[in-house]
Amino acid sequence: MTSSTPAIVILGQGSLATARRIQQVYPAAQIHGLAGRVEGADCTYQEFGATLRELYQQATPIIALCAAGIVIRTLAPLLLEKGAEPAVLAVAEDGSAVVPLLGGLGGVNVMAREIAAGLQVAAAITTSGELRFGTCLLNPPSGYALADLELGKRFVSDLLAGHSVRIEGAAPWLDQAQLLEDPQAQRSIHVGSAERAASANELLIYPRSVAVAVSADVADLPSVIRAALQQANVAVQALACLVAADTEMASADMREAALELNVPLRFVTAQSDIGALARVAVPEAKIIEQNGLAIVVAEQPLDIAHIGRPRGRLAVIGLGPGAAELMVPAVKAELARATDVLGYETYVRMAGPFRDDQVQHCTDNREEMQRARHAFRLAAEGRSVIVVSSGDPGVFAMAAAVLEALHESDDPAWHRVDLEILPGVSASLATAAQAGAPLGHDFCVMSLSDNLKPWSIIEKRLDLAAQADLALAFYNPISRARPWQLGRALEIVAQHRTPQTPVVLGRDIGRPGQTLRTTTLGALTPDQVDMRTMVLIGSSTTCTFARAGGGEWVYTPRWYGEKPIS
Ligand code: SAH
């Protein structure tokens, strides 16, 4: 997935102030600080080289506050590979110099100028076309597409050699450019949506001014769309979006067609026929009906945000225990794209910081079903909604509530929402990892909360799980409203385990002030545990040994009974 929000990468504390000034230019950009060297960055990284290369490969624009040479050497191995080249800039730590390095077509010079303006210095622009014309002719603004990059490069070098040029069609962004214009010129910049043969004397730019209204009934949509555009003499590069009836929102064929054509999909209320659908989507444009499709050709690039609405999305995400390093990348990407974030206030805060355009809907921890329904209402409007859980959303958290709300609903708009559950590192796993491998063999996960299930069921499960010699992981072990349950649970377990059985208590694991304790079943009392604690109880084979540096390792061997000969 590509992302256009830049990452600001810093190596030392001295760069943080400059990084914050750059962040004012790009409020959504996160500051990545080297662990152990930078305090107060938005997130930390362990290794500079690996981090920079990963960002580059994800096509994330990079603003690195360090020597240009370091950035060049770090990315050098990747430069011969083909693929998207994001903008990469080096900025002097004190903000005195801004050097665009890579990504001429990714708008690096535009960024260099923006950052330089923010820092009140001059950008070190070295691109000759850019210097001469004041703009990169090969990087038209959004809403326009360059037909052919290689031909374009030749064209620009011709202009640099002194050839004059004429402009055909509307190219308002070139008004400021310093071009040698001549109505009689041999070379031209042509802007238009009609299909046109490539020519070395022409810089061909397509406005994305065409929408195609489609129906999922049509088989092999991409080919049919291409053929219809060709018949109508419209260039496929001029296609801005596909439009369909909202009743077809969940159609996989439609989604794949849009993906293949690399354009967004927009939805409007279902109409009597495809022509009417096109008219509702883009009023006052020319419509050509063909092969069951309707092609809408506008004069100007289409403003997609104002055509119908997108398919809404609802992602139920797990933040992991708390530390940013333990959050899966898919969740990070989801947080960046969300328009609305719902959840228990503590977790929403943990998921932040958010941009000003992202709406936070914080609710009390107990209002799960209302929160799930609220999420569907927002997503059905076309918004991109996140419901936040800590750990994993499927472990005593929001995923089941969200599915329950959907199961109960007969609103087709809710069922058409693009629903996805994104996993996280659950508290039992994060705690176990810090202790060693106490859950290294079969184990049983239980919530000791009797809010939503009868205590008798809990007792029965505890008894059977303990009897089955499973290692145990207790979530929600105790709370002010449930003071006695943990004591009773431990009594049941003690009927099947020796007092020497290792126990791990992890509190606020992965969060500031975390504590990890190892004790035994015999020594464990409920007052050592609170609602922010994870309780892991070993099986009959769980053992411990001293760790160099203090404390001990706890693990449950992979084998059972006699150790196998290895
Ligand atoms: N979905 C979460 C669990 C929510 S239930 C997950 O997968 O982790 C809440 C319980 O989880 C708490 O009462 C506590 O027992 C445990 N828990 C959650 N986060 C924790 C953390 N960082 N450290 C220790 N225990 C935690």
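Residues numbered from 1 in each chain as written. Predicted model: local features only at pLDDT ≥ 70, side-chain atom pairs only at ≥ 80, totals over all residues. Heavy atoms only, no water.

- The name given to the chain in an unreviewed UniProt entry is Precorrin-3B C(17)-methyltransferase, with Pseudomonas shahriarae as the source organism.
- Listed in UniProt under the heading Pathway (unreviewed entry), the comment for the chain reads: "Cofactor biosynthesis; adenosylcobalamin biosynthesis." (UniProt positions renumbered as here; feature names shortened; annotations may be inferred.)

1. Focus on a nonpolar patch on the surface
Here's step 1: A cluster of nonpolar residues, Phe 396, Leu 429, Phe 443 and Val 445, forms a patch on the protein surface that exposes about 330 Å² of accessible area.
Here's step 2: Among the structural elements, Phe 396 can be located in the loop between strand 19 (384-389) and helix 13 (398-408). (Patch = residues over 30% accessible without salt bridge, like charges linked within 9 Å, V, L, I, M, F, W, Y side chains within 5 Å. Areas by Shrake-Rupley, 256 points an atom, 1.4 Å probe, with all protein chains shown as cover. Salt bridge = Lys/Arg side-chain N within 4 Å of Asp/Glu carboxyl O. Helix = DSSP H or I, 4+ residues; strand = E, 2+ residues; numbered from the N terminus.)

2. Points about the domain arrangement of the chain
Here's step 1: Per the domain assignment, the segments making up the chain are domain 1 (7-126), domain 2 (144-207), domain 3 (210-306), domain 4 (313-425) and domain 5 (428-555).
Here's step 2: Using C-alpha coordinates to define each centre, domain 4 is positioned 28 Å away from domain 5.
Here's step 3: With 10 residues of domain 4 in contact, the opposing surface of domain 5 contributes 11 residues.
Here's step 4: Taking both partners together, domain 4 and domain 5 bury about 730 Å²; carbon and sulfur atoms supply 65% of that area.
Here's step 5: Of all residues in domain 4, Pro 321, Phe 396 and Val 425 bury the most surface against domain 5, accounting for 57% of the area lost on that side.
Here's step 6: Put simply, domain 4 and domain 5 have 0 salt bridges between them. (Domains from an automatic or database assignment. Contact = heavy atoms within 4.5 Å. Buried area = accessible area lost by both parts, 1.4 Å probe.)

3. Some details on the environment of Ala 245
Here's step 1: Position of Ala 245 among the secondary structure elements: in strand 12 (residues 239-245).
Here's step 2: Leave out the neighbours within four places in its chain, and Ala 245 touches Phe 267, Val 268, Ala 270 and Leu 277.

4. What to know about helix 2 (residues 48-57)
An α-helical segment advances 3.6 residues per turn. Residues three or four places apart therefore align on the same side.
Here's step 1: Listed in full, the buried residues belonging to helix 2 are Phe 48, Gly 49, Thr 51, Leu 52, Leu 55 and Tyr 56. Each buried residue of helix 2 sits inside an arc of 170 degrees when the element is viewed along its axis, so together they form one side.
Here's step 2: Positive backbone phi, approximately 65 degrees, marks Ala 59, located one or two places after helix 2. (Buried < 20%, exposed > 50% of the residue type's maximum accessible area, 1.4 Å probe, protein only. Arc of directions from axis to C-beta.)

5. Comments concerning the site of the ligand
Here's step 1: In the vicinity of the ligand, 20 residues are found, and the nearest of them are Val 395, Ser 426, Ala 427, Met 531 and Thr 533.
Here's step 2: Between the ligand and the protein, one listed contact pairs a nitrogen atom with a backbone N or O atom of Arg 532 at 3.5 Å.
Here's step 3: Within the complex, 93% of the 540 Å² of free accessible area of the ligand lies under protein.
Here's step 4: Here the residues of the shell around the ligand sort into 10 nonpolar, 6 polar and 4 charged.
Here's step 5: Summarising the domain contributions, the shell around the ligand has at least three residues from each of domain 4 (313-425) and domain 5 (428-555). (Near = heavy atom within 4 Å. Polar contact = N/O pair within 3.5 Å; in protein donor to acceptor, adjacent residues only side chain to side chain. Nonpolar A, V, L, I, M, F, W, Y, C, P; charged D, E, K, R; others polar.)

6. Some points on the packing of helix 1 (residues 16-25) against helix 4 (residues 108-119)
Here's step 1: Where helix 1 meets helix 4, the closest approach of the two axes is 9 Å, and the angle between their N-to-C directions is 120 degrees. On the basis of the axis angle, helix 1 is oblique to helix 4. The handedness of the crossing between helix 1 and helix 4 is right-handed. Contacts between helix 1 and helix 4 involve Thr 18, Arg 21, Ile 22 and Val 25 from the former and Glu 114, Ile 115, Gly 118 and Leu 119 from the latter.
Here's step 2: For the contact of helix 1 with helix 4, the class distribution of residues is 4 nonpolar, 2 polar and 2 charged. (Axes fitted to C-alpha atoms, helices over the stretch in contact; angles between N-to-C directions. Parallel < 35°, antiparallel > 145°, perpendicular 65-115°, else oblique. Left-handed = near helix turned anticlockwise from the far one by under 90°.)

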